[in-house]
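# A look at the structure
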Amino acid sequence: MLRSLQGSLQSFSRFSRDIRFLQALAQVAFVVLVVVVGRWLLGNLFDALDTRGLDLSFGFLNRTAGFPVADEALQLDRSDSFLDAYFVGLANTLQVVVLGLILSTALGIFTGISLLSSNWLLRSISQAYVEIIRNTPLLVQLFFLYFGVLLKLPSLADRITLGPIILSNRGLFFPQALPQASSRLWILLVGVSVVLAIAIYRTRMDRRVRSGAETRPGLWAAVPLIGLPLLGWLVLPGQPFTAELPQLEGLRIAGGSRLSPEFAAILLGLVIYTAAFIAEIVRSGILSVPHGLREASLAGGLSRTQTLRLVVLPVALRVIVPPTTNQYLNLAKNSSLAIGVGYPDLYSISQTIFNQSGQAVQVIAMMMGTYLALSLIISAGMNFINARLKIRER
Amino acid sequence: MHPRRSVLPATGLALGLLLAIALSACQPAEPEIREVRVVETQEVQVVQTQQVQVPVELQMESARLQAVKDSGAVRCGVNSSVPGFGFLNEQGEFVGFDSDFCRALAVAIFNDANAAEFRPLTAAERFTALQTNEIDVLIRNTTWTLSRDVELGTDFGPTTFYDGQGMMVRADSGFSTLEDMDGATVCVLAGTTTELNLADAFSSRGVTYEPLVFATGDETRVAYDEGRCDGLTSDKSQLAGLRTATTNPADHIILPVTMSKEPLGPVWAQGDQQWGDVVRWVVNAIIIAEEKGITSSSVDDIVASDPQDPEIRRLLGVEGEFGALLGLAPDFVVNVIREVGNYGEIYERHLGPAGTDIPREGSLNALWTQGGLIYAPPWR
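Residues numbered from 1 in each chain as written. Chains lettered and ligands numbered in written order. Predicted model: local features only at pLDDT ≥ 70, side-chain atom pairs only at ≥ 80, totals over all residues.

### Observations regarding the overall build of chain A
Within chain A, the secondary structure is distributed over 12 helices and 8 strands. A burial count over chain A gives 27% of its 394 residues as buried. Put simply, of all contacts in chain A between residues at least 6 apart along the chain, 66% involve residues at least 24 apart. (Helix = DSSP H or I, 4+ residues; strand = E, 2+ residues; numbered from the N terminus. Buried ≥ 20, exposed ≤ 12 C-beta atoms within 10 Å, placed from the backbone. Contact = placed C-beta atoms within 7 Å.)

Have a look at this one:
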């Protein structure tokens, strides 16, 4: 008895010093841990659902939502279904994300280049902007922007009027173009002029590259680009578009387009925040370009702007694109903070849906799936760009 | 060859060991779940025994009333954070509309307003406190609904305050009804029934509006205060508090319109109807006193002047044995009115202009003789 115990202890101590045994033990332990924790979490969920008599079907999505959402793009009436409401939220989120990506890229590149500028004022302002914005929480910035800046604008009664533009804490109202009978013909004309302008630019550019003569491709291309639409506007019967001016009508401004303070707050907040990070990425990307390359370009006769545009940035992009993907994903996910400033985005509307329907598990699952899909689409797009930019090795 | 041969038993041993650990780790979880279930069935049993006891309790003297009398204090579940209704002030006293009804109960039983023992409760705790006999009566702005009345094993007394969703607007906006608010922007809290009531109220009137939804009450209030919205909607009792938090409360008014029904009143555990009668008729006495114009300052004079109105005579115990029927002193109403006041006085004290300022005139909380719903059955 004693001897067998001793024997097993010995064999155990032999195993306990065996690295293969320890590695296997660690791996199995990890798998067991994941399974146990996962089972416990799921068990909790199903127990809770059981005791409350809830099921996990999605039938509730066809029920009447019972709440309206105020938005310019998509109107939701209280008789629409929860699913309609969900799509309104999705559309609002997409609107913020797409515009946010474009604007933050533009602002980020501009700031990143400014960070390396020889102009002291421009460089200092950019540095101060990046350091302040990068090191404070986004939600605080959003609250400041919304409650501290946009809502402090004059009320509708004391509105600021700049010609046809009206500014107040109810939003920025500006004229909207209303298409008339001849608008389609005119749009077609604009399309033709764009194609024509590109063709002229290409041929004249080609000739300049081949002969070295100054052919002024930009100037020549501008002639049809501006001339044709202008001619069309004057010649076509009636104006293709008329402007609908915003006007005060009772309590609200009717007509025209509106940029609501909530939309402005979430969009500006996301753009300002994300651009600060992109600026740093752009700066590091530019610095990664070998100095010799820049010098060679300048020595070759290219101007500073041309060097930046044609030599430095294309090379720097290879360094810039992968970390920028992260910032784009952050922007998409951070858009869910919109609820803090009253913008009816996907998260805000989903919260209302699961509070009203009581189906929290399904709605949160849908929301997670939607954000996941959004992130994967952005990643896929960036991976595509990254692959295109890669130096083709032979 | 050699190392490969020894990996397999090593993995096998590790797996076996860990399976054993995992299995043993799983085991303590099971009895825990069982324990919880036992507690649940016990709770159900408590409710059942109470229901079984109902016929036994149909005697003249209430067991609960006797227990309260023996303990020397009536225990009330109250709110401690809603100004005007139940609020713990700086002196550590519970003040408010609801708290005063508890004091009235203490005076009715002991002729001592200090015999009221307050138990501050959260919304989630309140019904459990009743079911487990932690408190004798719950007076904590609790809305009377079917499911609460039936499912929770509680009974609701007469409604002391008709709350409902209201609308706050700027005084200079010229709004006096919801119909005036066509095209208005309304600030509302996300995910509440308020949001649905708002949609129902406006669409049933054929009025368009634009909702602006926020996650917290503070954000909603600030956005309204800054003029982003024309109106702010919430329960009226809470609107009054939100109004006092605006930069200039005098600039804002609460419209007399009501978008939902939220009748608030005292609640007690099912199973002791005599005790329920005591609570019900103390509240009724306070209402009848206002109807008859009996105030805390005039009640003693009225008794001394030998009133002619038969209902006043019965109410104040000059005539009849109504106090004894309830197991209380014959003149308990006199004490209650002297110490706490009639309905109007309680309302004025906490919800009037000096308090949170919820307009009473023309509202549901006006006396029935003035077009409101505050009404008590006859005292006979």
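### What to know about the overall build of chain B
For chain B, the count of helices and strands is 15 helices and 15 strands. Burial statistics for chain B: of 380 residues in total, 44% are counted as buried. At a minimum sequence separation of 6, the contacts of chain B that also span at least 24 residues come to 71%.

### Notes on helix α14 (residues 332-339) of chain B
Given 3.6 residues per turn, any residue in an α-helix points the same way as the ones three and four places further on. All names here are of chain B. Most of α14 is tucked away: 6 of the 8 residues are buried. If you check which residues of α14 are buried, you get Phe 332, Val 333, Val 334, Asn 335, Val 336 and Ile 337. Where α14 terminates, the next one or two residues include Gly 341, which has phi positive at roughly 105 degrees.

### Side note on the sheet that holds strand β3 (residues 86-88) of chain B
Residue and element names in this part refer to chain B. Sheet architecture is open: 3 strands sit in the order β2-β3-β4, paired in antiparallel fashion. Two strands close off the open sheet at either side, each with one partner strand: β2 (81-82) and β4 (94-95). Sheet topology note: the β2/β3 ladder contains 2 bridges and is antiparallel. The partner of Ser 81 across the bridge, within β3, is Phe 87. (Pairing = 2+ DSSP bridges.)

### Quick word on unusual backbone geometry
Residues and elements named next belong to chain B. Unusually for a residue other than glycine, Asn 133 sits at a positive phi of about 60 degrees. The topology assignment puts Asn 133 in the loop between α5 (126-131) and β6 (137-138). Residue Asp 306 is not a glycine yet carries a positive backbone phi of 50 degrees. Within the secondary structure layout, Asp 306 lies in the loop between α11 (299-304) and α12 (310-315).

### Considerations on the sheet that holds strand β1 (residues 160-162) of chain A
Residue and element names in this part refer to chain A. Here we have 4 strands laid out as an open sheet, ordered β1-β2-β3-β8, and antiparallel in their pairing. This sheet does not close on itself; its edge strands, each paired only once, are β1 and β8 (257-259). This sheet shows a mean twist of 20 degrees between the axes of neighbouring strands, independent of strand direction. Relative to strand β2 (residues 165-168), β1 runs antiparallel, the two being bridged by 3 bridges. Paired with Ile 160 across the two strands is Leu 167, which belongs to β2. (Axes fitted to C-alpha atoms, helices over the stretch in contact; angles between N-to-C directions.)

### Structural notes on the pairing of β2(A)
Residue and element names in this part refer to chain A. Side chains Ile 166 and Ser 168 project from β2 onto a buried face, and the interleaved Ile 165 and Leu 167 project onto a face without burial. Counting the residues between successive antiparallel strands, the hairpin from β1 to β2 contains 2 residues, one of them, Gly 163, with a positive phi of roughly 60 degrees. In this sheet, strand β3 (residues 171-174) lies alongside β2 in antiparallel orientation, the contact comprising 3 bridges. If you follow Ile 166 over to β3, its bridge partner there is Phe 173. What sits between β2 and β3 in their antiparallel hairpin is a turn of 2 residues.

### Remarks on the packing of helix α4 (residues 97-110) of chain B against α14(B)
Residues and elements named next belong to chain B. α14 packs onto α4 with a crossing angle of 140 degrees between their chain directions and a minimal axis gap of 8 Å. Between α4 and α14, the angle falls in the class oblique. Read as a crossing pair, α4 and α14 show a hand that is right-handed. Judged by residue contacts, Ala 104, Val 107 and Ala 108 of α4 engage Phe 332, Asn 335, Val 336 and Glu 339 from α14. Classifying every residue of the contact of α4 with α14 gives 5 nonpolar, 1 polar and 1 charged. (Parallel < 35°, antiparallel > 145°, perpendicular 65-115°, else oblique. Left-handed = near helix turned anticlockwise from the far one by under 90°. Nonpolar A, V, L, I, M, F, W, Y, C, P; charged D, E, K, R; others polar.)

### So, the nonpolar core
If you look at the biggest cluster of nonpolar residues, it comprises 150 residues, and the most contacted ones within it are Ile266(A), Leu105(B), Val282(B) and Val336(B). Among the elements that make up this core, the one with the highest residue count is helix α8 (residues 261-287) of chain A (15 residues). (Core = buried A, V, L, I, M, F, W, Y, C linked by C-beta atoms within 7 Å.)

### Section: the packing of helix α5 (residues 138-149) of chain A against α8(A)
All names here are of chain A. Packing of α5 against α8 brings their axes to within 9 Å, and their N-to-C directions diverge by 140 degrees. The angle between α5 and α8 falls in the class oblique. Crossing angle aside, the handedness with which α5 passes α8 is right-handed. Contacts from Leu 138, Gln 141, Leu 142, Leu 145 and Tyr 146 of α5 reach α8 at Pro 261, Ala 265, Ile 266, Leu 268, Gly 269 and Tyr 273.

### Thoughts on the pairing of strand β1 (residues 74-78) of chain B
Residue and element names in this part refer to chain B. Of all the 5 residues making up β1, 4 are buried; the element is thus mostly covered by neighbouring parts of the structure. By the bridge criterion, 5 bridges tie β1 to strand β5 (residues 116-120) in an arrangement that is parallel. Considered in β5, the bridge of Arg 75 is made with Glu 117. Bridge count between β1 and β6: 2 bridges; the pairing is parallel. What sits directly across from Gly 77, in β6, is Leu 138.

### Some details on the confidence of the model for chain B
When pLDDT drops low, the exact placement of atoms in the prediction is not to be read closely. Residue and element names in this part refer to chain B. Mean pLDDT over chain B: 82, with 83% of residues reaching 70 or higher. Counting contacts from residues 1-7, a segment whose pLDDT is below 50, to residues more than four positions away or on other chains yields 1 contact. Of the regions scoring below 50 in pLDDT, residues 22-59 engages in 18 contacts with residues more than four places distant in sequence or in other chains. This complex was scored by the predictor with a pTM of 0.67 and an ipTM of 0.72. (pLDDT = per-residue confidence, 0-100.)

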